[in-house]
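# Structural features, examined
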Amino acid sequence: MAQQFSLFFLGVTGYIGGSVLVELKNRYPNAQFTALVRNPKDNDAVQALGAQAFFGNDVVINCGDSDDLSLTKAILAGLENRAQAKPDASKKPILIHTSGTGLLQNERDGAFHSDKIYDDNNIDDIKSIRVDAQHRDVDLEELTKFIRIFSAGKTSLIDPYIIAPATVYGKGRGPVRNLSIQVNNMIRVALRRKELVQVGPGTNVWNSVHIDDLANLYSLVLDHALSGKDKSTDPFERFYWGSGDEYVWGDITRELARLLYARGVIRSETLKIIKIEEEPILNPTASNSRSVSNRGIALGWKRNGTPLFDTLPQEVEWTLAEAEANA
C-alpha cells in the first residue's frame, strides 16, 4: 500500500512488537516509522528495520507493557492534544493497543471451569468481562476512575482499537526478542528443575495464535482504521481477540515432557503435578481463556500458521538454543 502517514511504535524490541513492525514495514513502505527504544544497545537492530529510534504522529501502536496505566494515559493525552491542535474529523489519530486474552482467566488450578466462549463481535461479551480482570484497568473504562482507552474513544477525538492475543507461539521476526512466553516458560522451568511440571489436572483450555497470523491481524486492523470505512458508533466495536484454535494444556505438557526427555534434559517423561504457588511464572498455563475472533474474520483475517502442537519440537529446540546462549 502507498499510503503516507507517520507511526509511533512502542514495544518494538519485544516478541509481538518486533514481528508486527516487520509486517507493517512490508505493508506500508512509504510510512514514516518512529520507535521508542529504551536500551541504547538495541538502537542499531531497530534502525536496521527502517524505524527511527525516538508525538505528533498519525498512528500509535503500543505493543509494550499492556498493564502500564501511566504509559497508556500519556499516550491518550498526547493523541488527544494532537487532535485538538490539528482538528480533522476525517483523519483522527489512531491508537492500536495490545492487551491479551488473560482478560478471561479464571481459577488457576489447571482444571476446566467454563463453557463460555467470548465473542469479540458481541459487545455484551466484552462489556461483561470482570472489572478486576488482568489488563482490564487499562483496556476498559472503570465507572468512577480514570479515562481509559474505550472511554477515550467516546470523546470523538481519537480512534482507539484494542487487539487481545491468546497464547502466541512461533518464531518472531523482530530485531531483538523472538520467543514467546507461555509454552517457552514451561520449557524454561523444566530445564531449571530437570522435570516437566503441570498445574493441576491439565484439563484447562486456551486459544492459540501463530505470531505471523497475529502480525497480519494488526495490519488488517490498521488497514481498516486508515480506510475511513469504520462506521462503528460504540468503542467496544473496536475490540479484537487475536485467537485461533483451542487446545488443552495437558496435551501440551505431555508432548513437551516426551520431547524434553528424548533430548535428555529432564530426568523423566512423567509429569510433576504442582500448585501454581510453586511456579507463579506458569500462571497463564493454569487457567482457562476461551474466545473467538469473529470481528477479525470479518476483516478477512485468515490463520495460516502451523498449529501450536506441531510447532512444539521447534519451540523446544529454540528454547534450548536460547538457554545455551544465555548460559
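Read on for an overview of the structure. (Residues numbered from 1 in each chain as written. Predicted model: local features only at pLDDT ≥ 70, side-chain atom pairs only at ≥ 80, totals over all residues. Heavy atoms only, no water.)

## Focus on the sheet that holds strand β12 (residues 246-248)
- Read from one edge of the open sheet, 3 strands run β8-β10-β12, paired in mixed fashion. A strand with exactly one partner marks an edge of an open sheet, and here the two such strands are β8 (167-169) and β12. Each adjacent strand pair in this sheet contributes to an overall mean axis angle of 45 degrees, direction not counted.
- Summarising the sheet, β8 and strand β10 (residues 205-210) pair through 3 bridges and their orientation is parallel. Of the residues in β10, the one forming a bridge with V168 is V209.
- The strands touched by helix α9 (residues 249-262) are β8, β10 and β12; relative to β12, the strand with the most contacts, the crossing angle is about 60 degrees. (Pairing = 2+ DSSP bridges. Helix = DSSP H or I, 4+ residues; strand = E, 2+ residues; numbered from the N terminus. Axes fitted to C-alpha atoms, helices over the stretch in contact; angles between N-to-C directions. Contact = heavy atoms within 4.5 Å.)

## So, the packing of α9 against helix α11 (residues 308-326)
- Direction vectors running N to C along α9 and α11 enclose 35 degrees, while the axes themselves pass 10 Å from each other. Seen from above, α9 lies across α11 with right-handed handedness. Here D251, I252, E255, L256, L259 and L260 of α9 come into contact with α11, specifically with L308, F309, L312, P313 and V316.
- Looking at side-chain class alone, the contact of α9 with α11 contains 9 nonpolar, no polar and 2 charged residues. (Left-handed = near helix turned anticlockwise from the far one by under 90°. Nonpolar A, V, L, I, M, F, W, Y, C, P; charged D, E, K, R; others polar.)

## What to know about the packing of aromatic side chains
- Applying the stated criterion to the full structure yields 3 aromatic pairs.
- Ring centres 5.1 Å apart and planes at 80 degrees place the aromatic pair F5 and Y28 in the edge-to-face group. With F5 in the segment before β1 (6-10) and Y28 in the loop between α1 (15-27) and β2 (32-35), this pair connects stretches of sequence that are 23 residues apart. Of the two residues, F5 and Y28, neither departs from the other in class, the shared state being buried.
- A centroid spacing of 5.0 Å and a plane angle of 80 degrees characterise the contact between Y247 and W249, whose relative ring orientation is edge-to-face.
- Of the residues examined, Y247 reaches a relative accessible area of 10% and is grouped as buried.
- We classify W249 as buried; its relative accessible area is 1%.
- Above the plane of the ring of Y118 lies K116, whose end atom (NZ or CZ) is 5.2 Å from the centre.
- Taking the ring centre of W301 as reference, the NZ or CZ of R303 above it sits at 5.4 Å. (Phe/Tyr/Trp six-rings, centres within 6.5 Å; stacked < 30°, edge-to-face > 60°. Buried < 20%, exposed > 50% of the residue type's maximum accessible area, 1.4 Å probe, protein only. Lys NZ or Arg CZ within 6 Å of the ring centre and 35° of its normal.)

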